[in-house]
Amino acid sequence: MSRKAFIAGNWKMNMTAESGEKLIKELAPLVKNASCDVALCVPAILIPAMTKAAQGTNIKIGAENVHWAKSGAYTGEISTDMLKEYGVEYVIIGHSERRQYFGETDESVNKRTLAALAAGLTPIVCVGELLEERENGSTEKVLDKQLTVGLNGIEDITKVVIAYEPVWAIGTGKTATDEQAQETIAYIRKKIGELFCPKCAEKVVIQYGGSMNAGNCKGLMAQPDIDGGLIGGASLKLDFATIVNYDK
Ligand code: PGA
């Protein structure tokens, strides 16, 4: 398979410049021989300091969100130019916490994703169903809408990373089983094949996210369609290195 594995952390609203720098300095020697791509997506205000801390390492610093406008009257938002000034390459878009608490919709996810791509950033677009949606059998329908609307108008889908994050597994300690994650991610790949082209879908990196940790990463990463992980809680500690070294 030509897809390169990609493990990314999502610090969410955690860490400070001081604790973040300490963690990156400790992680760097532990992950330096990783066979996968490695990134830590951090709060915007920490990007300059974390970029400096990660200099000369294989840890890339990413962002947790980006606005679609070049600049303007959007209090509290961050533009692609601001991210690029610090060498940011990756940006998480449409995380379920943004959808749940900050009114993010598939339409706004689409605008942010198109802007990120136009600026040469790699968007990590998050999709995933709620517990009640899994229980009432509408997971595929929910994913269809998130993918159809969220990825609308993308010219080269291979430049996008998808993170499948079942909302019921995020921060709950309740991971999807290897089989559930594989089955759903295979479905996402099939859907991307229908929306774009089957050949392109084979090239798209799709991560699993939701209570992925040092203990369950090997089983998840062994699944044929799972190309990586988006790691919340476990990216705040040295466990992140164990996940990055899942194949060692
Ligand atoms: P978690 O978060 O690993 O803490 O469940 C994953 C995520 O929200 O990206």
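Look up: the structure comes first, before these words.
The text that follows walks through the structure, step by step, so that each part is easy to find. In this text, all values refer to a predicted model and were calculated from it rather than measured experimentally.

**Here we look at the sheet that holds strand β1 (residues 6-10)**
A sheet is described by the order of its strands in space; here eight strands give the open sequence β3-β2-β1-β8-β7-β6-β5-β4, paired in parallel fashion. Sheet topology places β3 (59-62) and β4 (90-93) at the edges, where each strand pairs with a single neighbour. Going from strand to strand, the sheet's axes swing by 25° on average, the running direction of each strand aside. Alignment of β1 against strand β2 (residues 37-41), held across five bridges, turns out to be parallel. Following the sheet pairing, G9 is matched in β2 by L40. Strands β5 (122-127), β6 (161-164) and β7 (206-209) of the sheet are contacted by helix α8 (residues 178-195), whose axis makes an angle of about 145° with β7.

**Focus: the pairing of β4**
Of the two faces of β4, the one carrying Y90 and I92 and the one carrying V91 and I93 are both buried. As paired elements, β4 and β5 share four bridges and run parallel to each other. Bridged to I93 within β5 is V125.

**Section: the environment of I206**
Mapping I206 onto the fold places it in strand β7. For I206, a relative accessible area of 0% corresponds to the buried category. Along the sequence, I206 and G229 sit 23 residues apart, while their C-alpha atoms lie 8.2 Å from each other. When sequence neighbours within four positions are dropped, the list of residues in contact with I206 reads I162, I185, I188, R189, I192, D225, I226, D227 and G228.

**Concerning the nonpolar core**
Ranked by size, the top nonpolar core spans 65 residues in total, and within it I59, I162 and Y208 carry the most contacts. Ranked by size, the runner-up nonpolar core spans twelve residues in total, among them A8, Y90, I92 and I124.

**Details of the packing of aromatic side chains**
Taken as a whole and judged by the stated rule, the model has three aromatic pairs. Taking the centre distance of 6.4 Å and the plane angle of 85° together, the rings of Y101 and F102 count as edge-to-face. Taken as a pair, Y101 and F102 share a single burial class, namely exposed.

**Observations concerning the state of the cysteines**
Summed over the entire model, instances satisfying the criterion amount to one disulfide. Each sulfur in the disulfide pair C197 and C200 lies 2.0 Å from the other. Disulfide C197-C200: the torsion about the S-S bond is 90°, which places it as right-handed. Its sulfur unpaired, C41 is 9.0 Å from the next cysteine sulfur, which belongs to C126. C41 sits in the buried class, given a relative accessible area of 0%.

What counts, and at which threshold
- Residues numbered from 1 in each chain as written.
- Predicted model: local features only at pLDDT ≥ 70, side-chain atom pairs only at ≥ 80, totals over all residues.
- Heavy atoms only, no water.
- Pairing = 2+ DSSP bridges.
- Helix = DSSP H or I, 4+ residues; strand = E, 2+ residues; numbered from the N terminus.
- Axes fitted to C-alpha atoms, helices over the stretch in contact; angles between N-to-C directions.
- Contact = heavy atoms within 4.5 Å.
- Buried < 20%, exposed > 50% of the residue type's maximum accessible area, 1.4 Å probe, protein only.
- Core = buried A, V, L, I, M, F, W, Y, C linked by side-chain atoms within 4.5 Å.
- Phe/Tyr/Trp six-rings, centres within 6.5 Å; stacked < 30°, edge-to-face > 60°.
- Disulfide = S-S within 2.5 Å.

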